[in-house]
Amino acid sequence: MSSLLPQADTVSPRNILFIGGTGVISAAAAERAVALGHRLTILNRGRSAGRPVPEGAEVLHADIRDTGAVREVLRGREYDAVADFISFTPAHARAGLELFRGRTGQYVFISSASAYQKPPTTLPIRESTPLKNPFWKYSQDKIACEELLFEAYREQDFPVTVVRPSHTYDRTKIALVGGWTDIHRMRAGMPVLVHGDGTSLWTLTHSRDFAKAFVGLLGRPQAVGESYTITSDEFLPWNQIYRLFARAAGVPEPELFHVSSETIAAHSKELGPNLLGDRSHSVVFDNSKIKALVPDYQATIPFADGAREIIQWHDQHPELQVVAEDFMELSDRLYEWSARRVAGR
């Protein structure tokens, strides 16, 4: 039956609203939506200049948290699909429900693959995998949002579709725990901290690849009441991810040292929830469901290319090369701690 679905480049134009539109995921999706001829409106506060709105998109300015202002700018407007990229709590989801009930044929809530069971009991992860994350409040809130919106679908016919991306990046985002600080340490010949033993598997998806699948499901009545994972099919061990960054940065062989995620979390309240609730677990995803809905979806950008794109971008923008002194100190401290453990002291 999926072969009868229209291809992404032959669908009729749809009237689409993006709430946000300038983030890693939403900016790429906006570019693709406009390129395919959809009528795109972007609603945001107009304060982000990092990723420009694509030419041809309409822009409305209002703070989504100010429901009165949003109702005013959207007065008389209806959409085939509304994509909400910036709801993170049940209160946000409840506000979206009230704002867009009766105004759209589809409300797409961007959740997170971190909401899937951690640690996972089976791989690959599918939409049927339970939602449970006892480590990270961000994920717990996304789960609560989903529950609220699916209840509205069951009881009120609210046309929700849930999308769960995993680690999605563009050229501005360094996927390492320490960000640019890790690149700085590599280039300086300093040891670089890797969580766990570096062999757990991770999935990284370029935002341009994500956009192919995401825009393809907008305005699809088959997607209402459903959830979809959208990721690349490539998965890599963390050691390899660090080495790909090192190679892109001109470092033939970085000095990597390993510390358990639990130990890092004990030394850093900031890093702990994300490590324990997401990055420390192997994640391999089954994208069969989104491919059945959007048959031409295929992630085609390998992370080896993505890493080169990221380093090139940062080398061209030295103002982004921020070395975090707190992470430098943490890395040095854990390296010394690790060396003492190895020496048996």
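Refer to the structure above for everything that follows.
This one's a predicted model, so the numbers in the text were calculated from it and none came from an experiment.

Novice: So what about the overall build of the chain? Which residues, and what values?
Specialist: Looking only at helices and strands, one finds 12 helices and 13 strands in the chain. Computed over C-alpha atoms, the radius of gyration of the chain comes to 21 Å, within 12% of the 20 Å expected from 2.2 N^0.38 for 345 residues, which places it in the range of a compact globule. A buried classification covers 53% of the 345 residues belonging to the chain. Across the chain, every contact between residues at least 6 apart in sequence was considered, and the portion connecting residues at least 24 apart equals 77%.

Novice: Which residues make up the layout of surface pockets, and what values go with them?
Specialist: When its volume is computed, the second largest pocket comes out at roughly 270 Å³. Around the second largest pocket, the lining comprises 16 residues; the ones closest to its centre are Ala27, Glu31, Arg51, Asp170 and Arg171. Mapped onto the lining of the second largest pocket, the elements with two or more residues apiece are helix H1 (24-35), helix H6 (207-217) and helix H11 (303-316). By residue number, the principal contributor to the lining of the second largest pocket is H1, which donates 4 residues. Taken together, the residues that form the lining of the second largest pocket break down as 5 nonpolar, 5 polar and 6 charged.

Novice: Please set out the packing of aromatic side chains residue by residue, giving values where relevant.
Specialist: Throughout the structure, instances matching the rule amount to 12 aromatic pairs. An angle of 40° between the planes, with centres 4.9 Å apart, marks the rings of tryptophan 136 and tyrosine 138 as tilted. We classify tryptophan 136 as buried; its relative accessible area is 17%. Look at tyrosine 138 and you get partly exposed, because its relative accessible area is 31%. Taken together, the ring pairs in this structure connect Phe18, Phe85, Phe210 and Phe214 into an aromatic cluster. If you follow arginine 171 out to its NZ or CZ, it ends over the ring of tryptophan 313, 3.7 Å from the centre.

Novice: How would you explain the environment of phenylalanine 303 if you had to name every residue and give the values?
Specialist: With respect to the helices, strands and loops of the structure, phenylalanine 303 is situated in helix H11. For the pair phenylalanine 303 and isoleucine 19, spaced 284 residues apart in sequence, the C-alpha to C-alpha distance is 28 Å. Residues contacting phenylalanine 303, with those up to four places away along its chain left out, are Tyr169, Ala175, Leu204, Glu234, Leu236, Ile241, Leu244, Phe245 and Ile310.

Novice: Explain the packing of helix H5 (residues 180-187) against H11 to me, using residue names and the numbers behind them.
Specialist: Running from N to C, H5 and H11 cross one another at 85°; their axes reach a closest spacing of 12 Å. With respect to H11, the element H5 is oriented roughly perpendicular. Between H5 and H11, the residues in contact are Trp180, Ile183 and Arg187 and Ile311, His314 and Asp315, respectively. Here the contact of H5 with H11 is built from residues that sort into 3 nonpolar, 1 polar and 2 charged.

Novice: Explain the sheet that holds strand E1 (residues 15-19) to me, and be specific about the residues and the numbers.
Specialist: Pairing is parallel in the open sheet, where 7 strands are placed in the order E3-E2-E1-E4-E5-E6-E11. Looking at which strands have only one partner, the edges of the open sheet turn out to be strand E3 (58-61) and strand E11 (227-230). Taken pair by pair, the neighbouring strands of this sheet meet at an average axis angle of 20°, ignoring direction. Bridging between strand E4 (residues 81-84) and strand E5 (residues 107-110) involves 3 bridges; their strand directions are parallel. In the strand pairing of E5, aspartate 84 is matched with phenylalanine 109.

Novice: Which residues make up helix H7 (residues 238-248), and what are the values?
Specialist: Among the residues making up H7, those that are buried are Trp238, Asn239, Ile241, Tyr242, Leu244, Phe245 and Ala246. Once H7 ends, the next one or two residues include glycine 250, with phi positive near 85°.

Novice: Describe in detail the side chain of serine 207, supporting the description with residues and values.
Specialist: By secondary structure assignment, the location of serine 207 is in helix H6. In this structure, serine 207 is in contact with Val24, Ala28, Thr168, Tyr169 and Asp170, ignoring residues within four places of it in sequence.

Here is what the cut-offs are and how they apply
Here the residue numbers are simple positions, counted from 1 along each chain's written sequence. Totals for whole chains, interfaces and linings use every residue, but because this is a predicted model, local features are given only for residues with pLDDT of at least 70 and side-chain atom pairs only at 80 or more, for both listing and counting. Note that water and hydrogens are dropped before the side-chain values are worked out from all heavy atoms of the structure. Secondary structure follows DSSP: runs of H or I at least 4 residues long count as helices, runs of E at least 2 residues long count as strands, and numbering of each begins at the N terminus. Atoms counted for the radius of gyration: C-alpha only. Globule rule: 2.2 Å times residue count to the power 0.38. Relative accessible area decides the class of each residue, using a 1.4 Å probe on protein chains only: under 20% of the type maximum gives buried, over 50% gives exposed, and in between gives partly exposed. The contact criterion used is simple: two residues touch if any of their non-hydrogen atoms lie within 4.5 Å. Here a cavity denotes grid points, spaced 1 Å and computed from the protein atoms alone, that fit a 1.4 Å probe unable to get out, and a pocket denotes an open set having protein on both sides within 12 Å along at least 5 of 7 lines; residues with an atom within 4 Å of a point are the lining. Grid points are joined across faces, edges and corners, and a volume is the space filled by probe spheres set on the points. Classes in brief: Ala, Val, Leu, Ile, Met, Phe, Trp, Tyr, Cys and Pro nonpolar; Asp, Glu, Lys and Arg charged; the others, Gly included, polar. Here the aromatic set is Phe, Tyr and Trp, taking the six-membered ring for Trp, and pairing holds for ring centres within 6.5 Å; pairs whose planes are under 30 degrees apart are stacked, those over 60 apart are edge-to-face, and all others are tilted. Only when the NZ atom of a Lys or the CZ atom of an Arg is both within 6 Å of the ring centre and within 35 degrees of the ring normal do we say a charge sits over the ring. Orientation is described by lines fitted to C-alpha atoms, with helices fitted over the stretch in contact, and by angles between N-to-C directions that extend from 0 to 180 degrees. Roughly parallel here means an angle under 35 degrees, roughly antiparallel means over 145, roughly perpendicular means 65 to 115, and every remaining angle is called oblique. Strands pair, by our definition, only if DSSP identifies at least two bridges between them.

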